[in-house]
Amino acid sequence: MTSAATTHRSVTVRVPAKVNLELKVGPRRPDGFHELSTVYMAVGLHDEVTVVQADRWSVLVSGPYADQVPRDETNLALRAARAVGRQVGIDDPLSVLIHKEIPVAGGMAGGSADAAGALLACDHLWGLGLPREDLLETAADLGSDVPFVLTGGIAVGSGRGERLAPVLARGTYHWVLAVSPDGLSTPAVYAECDRLRGDADVPTPEPTTGMMTALRSGDVKALGAALSNDLGDAALSLQPELGEVLVAGLEFGAVGGLVSGSGPTVAFLTESPEAALDLCVSLTASGVAGEVRRAKGPVHGAHVVAGPSTRG
Ligand code: ATP
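The shown structure was predicted, so the numbers you read here are calculated from the model rather than taken from an experiment. (Residues numbered from 1 in each chain as written. Predicted model: local features only at pLDDT ≥ 70, side-chain atom pairs only at ≥ 80, totals over all residues. Heavy atoms only, no water.)

> Whenever I open this one, the overall build of the chain confuses me. Can you help?
Within the chain, the regular secondary structure consists of 10 helices and 12 strands. Over its C-alpha trace the chain gives a radius of gyration of 20 Å, about what one expects of a compact globule, namely 20 Å for 312 residues. With the C-alpha coordinates of the chain rotated into their principal frame, the extents come out at 60 × 45 × 35 Å. Here the chain holds 312 residues, and 52% of them are scored as buried. For the chain, the proportion of contacts with a sequence separation of at least 24, taken over those separated by at least 6, is 78%. When the accessible area of the chain is evaluated, it comes to approximately 13500 Å², of which 51% is carbon and sulfur surface. Across the chain, the centroid of the 24 positively charged side chains sits 4 Å from that of the 36 negatively charged ones. (Helix = DSSP H or I, 4+ residues; strand = E, 2+ residues; numbered from the N terminus. Rg over C-alpha atoms; globule rule 2.2 N^0.38 Å. Buried < 20%, exposed > 50% of the residue type's maximum accessible area, 1.4 Å probe, protein only. Contact = heavy atoms within 4.5 Å. Areas by Shrake-Rupley, 256 points an atom, 1.4 Å probe, with all protein chains shown as cover. Lys, Arg positive; Asp, Glu negative; His and termini not counted. Charge placed at Lys NZ, Arg CZ, Asp CG, Glu CD.)

> What's the story with the environment of aspartate 141 in this structure? I'm lost.
Relative to the helices and strands, aspartate 141 resides in helix α3 (residues 132–142). Given a relative accessible area of 67%, aspartate 141 falls into the exposed group.

> It is not clear to me how helix α1 (residues 76–88) should be interpreted in this structure. Could you clarify?
Along an α-helix, a turn takes 3.6 residues, which lines up residues three or four apart on a common side. Look at α1: 19 Å from first C-alpha to last across 13 residues, which is about the 18 Å you get at 1.5 Å a residue. When α1 is considered as a whole, its buried residues turn out to be Ala77, Leu78, Ala80, Ala81, Ala83, Val84 and Gly85. Elements in contact with the buried residues of α1: β3 (58–62), β4 (94–99), α2 (110–125) and α3. Following α1 by one or two positions, glycine 89 has its phi on the positive side, about 75°. (Expected span 1.5 Å × (residues − 1).)

> Hey, could you run me through the packing of α2 against α3 in this one?
Any two packed helices are characterised by how steeply their axes cross, that is the angle between the axes, and by the distance between the axes. Taken N-terminus to C-terminus, the directions of α2 and α3 make an angle of 140°; their axes are 10 Å apart at the nearest point. Judged on the interaxial angle alone, α3 and α2 are oblique. The handedness of the crossing between α2 and α3 comes out as right-handed. Where α2 approaches α3, its residues Leu119, Leu120 and Asp123 are matched on the opposing element by Leu135, Thr138, Ala139 and Leu142. Here the contact of α2 with α3 is built from residues that sort into five nonpolar, one polar and one charged. (Axes fitted to C-alpha atoms, helices over the stretch in contact; angles between N-to-C directions. Parallel < 35°, antiparallel > 145°, perpendicular 65-115°, else oblique. Left-handed = near helix turned anticlockwise from the far one by under 90°. Nonpolar A, V, L, I, M, F, W, Y, C, P; charged D, E, K, R; others polar.)

> I would appreciate a short explanation of the site of the ligand in the present structure.
Neighbouring the ligand are 22 residues, the closest being Ala105, Gly107, Gly111, Asp145 and Thr186. Within the backbone of leucine 76, one N or O atom sits 2.9 Å away from a nitrogen atom of the ligand. The separation between an oxygen atom of the ligand and a polar main-chain atom of glycine 106 is 3.4 Å. In isolation the ligand exposes 620 Å². Once the protein is present, 79% of that is buried. (Near = heavy atom within 4 Å. Polar contact = N/O pair within 3.5 Å; in protein donor to acceptor, adjacent residues only side chain to side chain.)

> Looking at this model, I keep getting lost on the nonpolar core. Mind explaining?
The nonpolar side chains of a soluble globular protein tend to be buried, and buried together. Counting 69 residues, the largest nonpolar core has Leu21, Trp175 and Met211 as the members making the most contacts within it. With nine residues, α2 is the single largest residue contributor to this core. If sequence neighbours within four positions are ignored, methionine 211 has contacts with Leu21, Glu22, Val39, Leu223, Ala226 and Leu227. (Core = buried A, V, L, I, M, F, W, Y, C linked by side-chain atoms within 4.5 Å.)

> Please explain the packing of aromatic side chains as it appears in this structure.
The relation between two aromatic rings is expressed through the spacing of the ring centres and the mutual angle of the planes. The full count for this structure, using the stated rule, is one aromatic pair. The ring of phenylalanine 33 carries the charged tip of arginine 160 above its face, separated from the ring centre by 5.2 Å. (Phe/Tyr/Trp six-rings, centres within 6.5 Å; stacked < 30°, edge-to-face > 60°. Lys NZ or Arg CZ within 6 Å of the ring centre and 35° of its normal.)

> I tried to follow the pairing of strand β7 (residues 173–179) on my own but got confused; where do I start?
For a regular strand, side-chain orientation follows a simple rule: the groups alternate between the two sheet faces. Extensive coverage of β7 is indicated by the burial of seven of its seven residues. Neither face of β7 is left uncovered, since the one carrying Tyr173, Trp175, Leu177 and Val179 and the one carrying His174, Val176 and Ala178 both have all their residues buried. Judged from the seven bridges that link them, β7 and strand β11 (residues 291–297) form a sheet pairing that is antiparallel. Of the residues in β11, the one forming a bridge with tyrosine 173 is glycine 297. Where β7 and strand β10 (residues 266–270) come together, five bridges link them in antiparallel fashion. Across the sheet, residue histidine 174 finds its bridge partner in β10, namely threonine 270. (Pairing = 2+ DSSP bridges.)

> For this particular structure, what's the right way to read the packing of α1 against α2?
Between α1 and α2, whose axes approach to 7 Å, the crossing angle comes to 35°. Of the two possible hands of crossing, α1 and α2 adopt the one that is right-handed. Judged by residue contacts, Leu76, Ala77, Ala80, Ala81 and Val84 of α1 engage Gly111, Ser112, Asp114, Ala115, Ala118, Leu119 and Cys122 from α2. For the contact of α1 with α2, the residue count by class is nine nonpolar, two polar and one charged.

> It is not clear to me how the pairing of strand β9 (residues 256–259) should be interpreted in this structure. Could you clarify?
Sheet topology places β9 next to β10; four bridges connect them, and they run antiparallel. Looking at the pairing, glycine 256 lines up with leucine 269 of β10. If you look at the hairpin formed by β9 and β10, you'll find six residues sitting between the two strands, and glycine 261 has a positive phi there, around 55°.

> Help me out: how do you make sense of the pattern of salt bridges in this one?
Opposite charge on two side chains lets them pair, provided their charged atoms get close. This structure, assessed with the given rule, holds 12 salt bridges. Arginine 197 is the partner of aspartate 230 in a salt bridge, and the nearest nitrogen-oxygen pair spans 3.6 Å. On the criterion of sequence distance, the pair formed by aspartate 230 in the loop between β8 (228–229) and α8 (232–238) and arginine 197 in helix α5 (residues 186–197) is long-range, its members being 33 residues apart. The partner of glutamate 271 in a salt bridge is lysine 221, with the nearest N and O atoms 3.7 Å apart. Remark: lysine 221 occurs in helix α7 (residues 220–226) and glutamate 271 occurs in the loop between β10 and α10 (273–286); sequence separation between them is 50 residues. (Salt bridge = Lys/Arg side-chain N within 4 Å of Asp/Glu carboxyl O.)

Pasting the structure below:
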């Protein structure tokens, strides 16, 4: 039986993964981050984050990657919820429930997505109505990719990726994502990038004309040709088998492919939903890629799908 004394209010937010269509890595900054220029696209692989009023703080995770997600204080969604509470002076504990569909440590901003989800969910649960600029500022403090997954669509990221600018873009794109069974640590990939570069001069990163023109035209082949990632060599150096995945996807008809962010997920661009399905079948049948998923983009950023509602 449900009584007034045991009802708990909850809010659920759905939040997408990202693919970096272009990732230019500039010099390492004094704070340890690298200066970046990146073009993000939000893609239709979503986590759902629910915050529920509770008697103590906790994290519960479900979904295909649940066993790879920490449930302690290091969980990024929990950290985000606590940070919002601290910021506005609310000390009410919450249960944070995460349904995880975004690969973990896959270069698709999965943890950042959960942080963005928790941030927006707390804003709604606690009726804060934080202005967009404040949400984005808190998001940037939580992680470099958090502002983008909150915003969604397609955007250029500069600084360490947290400063967003809109991009003129048209079209819907069909992706095939080859998910590696072993994740890659983002700091390890940047360190490998630095090691491979040695003392070479690194120019200030900026978006390329090829990428901007491709997005403006909506031409999938031009976009496929413009995909690029400065972290690709570092990810391949740490997981050489990704090279075989890339070659296979392109041989099987993708119009372009690259390591997503710091990897190891390899993202292939295809010409149509049918071509995406064909590529999934070919990659799976070849045995070169373990898990293969499809996603379209761009999609919306974090949005409330349920609540505030009352749970018994
Ligand atoms: P990015 O693309 O932003 O560099 P990523 O997608 O490669 O990140 P994440 O999935 O964010 O990587 O995971 C990075 C690490 O963060 C994982 O190893 C995991 O232990 C930790 N982590 C903490 N909270 C979460 C969460 N809610 N979901 C996933 N990982 C989390």
